[in-house]
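Observations on the three-dimensional arrangement
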Amino acid sequence: MTPTMKSALFNREPNDKPYLISGPCSAETEEQVLDTCQRLAATGKVQALRAGIWKPRTKPGLFEGVGTKGLPWLKRASELTGLPIAVEVATAKHVEDCLAFGVDILWVGARTTGNPFSVQEIANALRGVNVPVLVKNPIHPELELWIGAVERLQKAGLEQVGLIHRGFSSYGNTDFRNAPMWHLPIEMRRRLPELPLLCDPSHICGRRDTLAAVAQQALNLGFDGTMIESHQNPDAAWSDAKQQITPEVLRDLIEGLVWRHETTNQREFLTALASFREQINQLDAEVMQLLGRRMAVAEKIGQYKKENDIIVLQTSRWNEVLERALRQGTSVGLTNEFVEQYLAAVHLESITRQNRVMEGR
């Protein structure tokens, strides 16, 4: 672990520039690793280099990485550029090999995060080692699995644990390789505000043309940086060719991003912001009052249904409520997705309260 790595990512100040980790999806040859990494260093935009050494693939027979023989290539890239190197690990043996070659940063991949046995194996292998470990979100949107992986590493004595948001699998998703579901990393930031949070646009997008938009949204949300895949010749890459870009394209992408500060000391801004927030507070209080009144009516309906032996759930009525709300939401600029999620939560609470009435609770 280098002192630069520690100060740059784990001792960040509010207005520090975003931290960028970049390199090829997979280490393929020594020439490919060294050329890509030296070109990345020449951009002046990259704080750490990465490459996949072991690649977990969905089906056997696909390229699964060059294995341990690729670690000396990354080590040489670090020596030539002066930049720290990062590698994904999934087993205790991976950890041992990385430590033997002086890898600066480890990360736990999405498939591994979802397996508590694997995470515990990694945590055990890292006891007594002072190395930064970044944890990618699990493939499926299960926040507790993500948090559990972090806690296993922390209980093993690791003090430098961070997060990587790489999106989540979802049925019917067409815009992204892995749906970003921004509310989940936002909730992780709320629960674990002391942990650095990076975004992996490469795995969220799965293609080059949307990388910049996702990276910008992550910065707008206050992420600490990004991990973006880069290859000397992306179209010829042995894995994930469509989502990789050349170091020079990466440089242009980073230069095009707008970096916003977390706060400012300008009195005019702070005064206006305080006023807007007070308006939000007042509106939230009014919404809570209205929801309370709505639930009181729902309980009265539950009592009426109980007295007349009517079932709680009536699908036709729910469809009517939803259709009307979608029309009203559109008229005031609310998305259908938000209206559906909001009403689903309200409807569930109403059903729960009516059930309690039915059961005499």
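Residues numbered from 1 in each chain as written. Predicted model: local features only at pLDDT ≥ 70, side-chain atom pairs only at ≥ 80, totals over all residues. Heavy atoms only, no water.

Considerations on the side chain of Asp-200
Here Asp-200 lies in the loop between strand E7 (197-199) and helix H9 (201-205). Within the local environment of Asp-200, its side chain forms a polar contact with the side chain of Lys-136, the two groups lying 2.8 Å apart. Leaving out residues up to four positions away in the same chain, Asp-200 has contacts with Lys-136, Ile-164, His-165, Arg-166 and Met-227. (Helix = DSSP H or I, 4+ residues; strand = E, 2+ residues; numbered from the N terminus. Polar contact = N/O pair within 3.5 Å; in protein donor to acceptor, adjacent residues only side chain to side chain. Contact = heavy atoms within 4.5 Å.)

Digging into the side chain of Arg-166
Of note, Arg-166 is situated in the loop between strand E6 (161-165) and helix H8 (183-191). Buried within the structure, Arg-166 lacks any salt-bridge partner; its nearest side chain of opposite charge belongs to Asp-200, at an N-O separation of 5.7 Å. A polar side-chain atom of Arg-166 sits 3.4 Å from a polar atom in the side chain of Asn-178. Setting aside residues no more than four positions away along its own chain, Arg-166 makes contact with Ala-110, Lys-136, Asn-137, Ile-139, Asn-178, Asp-200, His-203 and Ile-204. (Buried < 20%, exposed > 50% of the residue type's maximum accessible area, 1.4 Å probe, protein only. Lys, Arg positive; Asp, Glu negative; His and termini not counted. Salt bridge = Lys/Arg side-chain N within 4 Å of Asp/Glu carboxyl O.)

Some words on the UniProt feature "domain: Chorismate mutase" (unreviewed entry) in the protein chain
UniProt annotation of "domain: Chorismate mutase" (unreviewed entry) refers to residues 267-358 when read in the numbering used here. Helix makes up 88% of residues 267-358 and strand 0%, with an end-to-end C-alpha separation of 56 Å. (UniProt positions renumbered as here; feature names shortened; annotations may be inferred.)

Brief notes about the pairing of strand E4 (residues 105-108)
The two faces of E4 match: Ile-105 and Trp-107 on one face and Leu-106 and Val-108 on the other face are all buried. In this sheet, E4 lies alongside strand E3 (residues 85-89) in parallel orientation, the contact comprising four bridges. Paired with Glu-88 across the bridge in E4 is Trp-107. Each parallel crossover has a hand, and the one from E3 via helix H4 (residues 92-100) to E4 is right-handed. Note: E4 against strand E5 (residues 133-136), three bridges, orientation parallel. The residue of E5 that forms the bridge with Leu-106 is Val-133. (Pairing = 2+ DSSP bridges. Right-handed = clockwise from strand over helix to strand, strands pointing away.)

Brief notes about the pattern of salt bridges
Counted by the stated rule, this structure contains 19 salt bridges. The residue Glu-229 makes a salt bridge to Arg-50 at a minimum N-O spacing of 3.8 Å. With a gap of 179 residues between them, Glu-229 in strand E8 (residues 225-229) and Arg-50 in strand E2 (residues 48-50) connect regions that are remote in the sequence. With a relative accessible area of 0%, Glu-229 lands in the buried category. Its salt-bridge partner being Arg-317, residue Glu-320 comes within 3.3 Å of it at the nearest N-O pair. One end of the pair, Glu-320, and the other, Arg-317, are both in helix H13 (residues 315-331), three residues apart, so they sit about a helical turn from each other. Overlapping salt bridges, with partners in common, bring together Glu-144, Glu-187, Arg-190 and Arg-191 in one network.

Some details on the packing of aromatic side chains
Throughout the structure, instances matching the rule amount to three aromatic pairs. When the ring of Trp-182 is compared with that of Phe-223, the centres are 5.9 Å apart and the planes differ by 85°; the resulting orientation is edge-to-face. Within this pair, whereas Trp-182 is found in the loop between E6 and H8, its partner Phe-223 is found in the loop between helix H10 (211-220) and E8, the two being separated by 41 residues in sequence. Exposure class is identical for Trp-182 and Phe-223. Each is buried. A centroid spacing of 6.2 Å and a plane angle of 10° characterise the contact between Phe-338 and Tyr-342, whose relative ring orientation is stacked. Here Phe-338 and its partner Tyr-342 are both found in helix H14 (residues 336-358), four residues apart, which amounts to about one turn of the helix. (Phe/Tyr/Trp six-rings, centres within 6.5 Å; stacked < 30°, edge-to-face > 60°.)

With respect to the pairing of strand E1 (residues 19-23)
Within E1, five of the five residues are buried, which leaves the element mostly enclosed by the surrounding structure. Covered by surrounding structure in E1 are Tyr-19, Ile-21 and Gly-23 together with Leu-20 and Ser-22, the residues of both alternating faces. Between the parallel elements E1 and E2, the chain passes through helix H2 (residues 30-43) in a crossover that is right-handed.

Description of H13
With 17 residues, H13 ought to run about 24 Å at 1.5 Å a step, and its terminal C-alpha atoms sit 25 Å apart, in line with that. Looking at H13, one finds that the buried residues are Trp-318, Val-321, Leu-322, Ala-325, Leu-326 and Gly-329. Taken end-on, H13 shows its buried residues confined to a sector of 135°, consistent with a single buried face. For H13, the exposed residues lying more than 90 degrees away from the buried face are Ser-316, Arg-327, Thr-330 and Ser-331. Where H13 is buried, its residues touch H14. One or two positions beyond H13, positive phi appears at Gly-333, with a value near 85°. (Expected span 1.5 Å × (residues − 1). Arc of directions from axis to C-beta.)

Focus on a nonpolar patch on the surface
A cluster of nonpolar residues, Val-332, Leu-334, Phe-338 and Tyr-342, forms a patch on the protein surface that exposes about 380 Å² of accessible area. A relative accessible area of 37% means that Tyr-342 is categorised as partly exposed. (Patch = residues over 30% accessible without salt bridge, like charges linked within 9 Å, V, L, I, M, F, W, Y side chains within 5 Å. Areas by Shrake-Rupley, 256 points an atom, 1.4 Å probe, with all protein chains shown as cover.)

Describing the confidence of the model for the protein chain
For the protein chain, the average pLDDT comes to 92, and 98% of its residues sit at 70 or higher. The low-confidence segment residues 1-5 (pLDDT under 50) makes 10 contacts with residues lying over four places distant or belonging to another chain. (pLDDT = per-residue confidence, 0-100.)

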